[in-house]
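# Commentary on secondary and tertiary structure
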Amino acid sequence: MPTGYVITAFDRNGCNGRGAWLQQPVRDGIWTCSGSPIVPGYVIAAYDRNGCSGVGAWFHRLARDGMWTCSGSPIVPGYVVTGYDRNGCTGIGAWYHQLVRNGIWTCPGSPIPAGYRSTTYNATGCNGLGAWYTIRA
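All residue numbers here refer to positions counted from 1 along the written sequence of the relevant chain. This being a predicted model, a pLDDT of at least 70 is required before a residue's local features are given, and a value of 80 or more before pairs of side-chain atoms are given or counted; all residues contribute to the totals for chains, interfaces and linings. Hydrogens and water molecules were not included; the side-chain quantities draw on all heavy atoms of the structure.

## Thoughts on the sheet that holds strand β7 (residues 79-85)
- Think of it this way: DSSP has to see at least two bridges between two strands before they count as a pair. To qualify as a helix, a DSSP run of H or I must reach at least 4 residues; to qualify as a strand, a run of E must reach at least 2; elements of each kind are numbered from the N terminus. Ordered in space as β6-β8-β7, the three strands form an open sheet in which the pairing is antiparallel. Lying at the two open borders of the sheet, with one neighbouring strand each, are β6 (67-70) and β7. Each strand of the sheet is rotated relative to its neighbour by a mean of 40°, with strand direction disregarded.
- Judged from the four bridges that link them, β6 and strand β8 (residues 94-99) form a sheet pairing that is antiparallel. Opposite Trp-68, over in β8, you have Tyr-96 as the bridge partner. Here, axes are lines fitted to C-alpha atoms. For helices the fit covers the stretch in contact, and angles between N-to-C directions go from 0 to 180 degrees.

## Examining the sheet that holds strand β10 (residues 116-122)
- With antiparallel pairing, three strands are arranged side by side in an open sheet as β9-β11-β10. Looking at the sheet topology across the chains shown, the edges are occupied by β9 (104-106) and β10. The average angle at which neighbouring strand axes cross in this sheet is 40°, direction not considered.

Pasting the structure below:
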């Protein structure tokens, strides 16, 4: 698949019954089929288990400060995860992404960008998963 392209449709009868995939250039706000690559700089913001002819579909968005993403979405460099909703994204779970800054609470598993470090722990943070206070190193 060409760099910067995603899979946006599936035809079960295409290619003499073997199935065919439609590829398109990625753009903000595009639905893609499960198994499609996620282009750097993009995150997954919604899920439709019946989309893409029944194989499942993911909604790609350009990363931005203060957005919820589905579990399994990449975390774009410079961002941290600061919240969790186990029921979000059609029940598969969702994570809240923010640009890193001094004095932000981050969830377990969040990347800690270069120049920052985690200090104090709060067991009730991140919707009960725990959270770490992140500061400039």
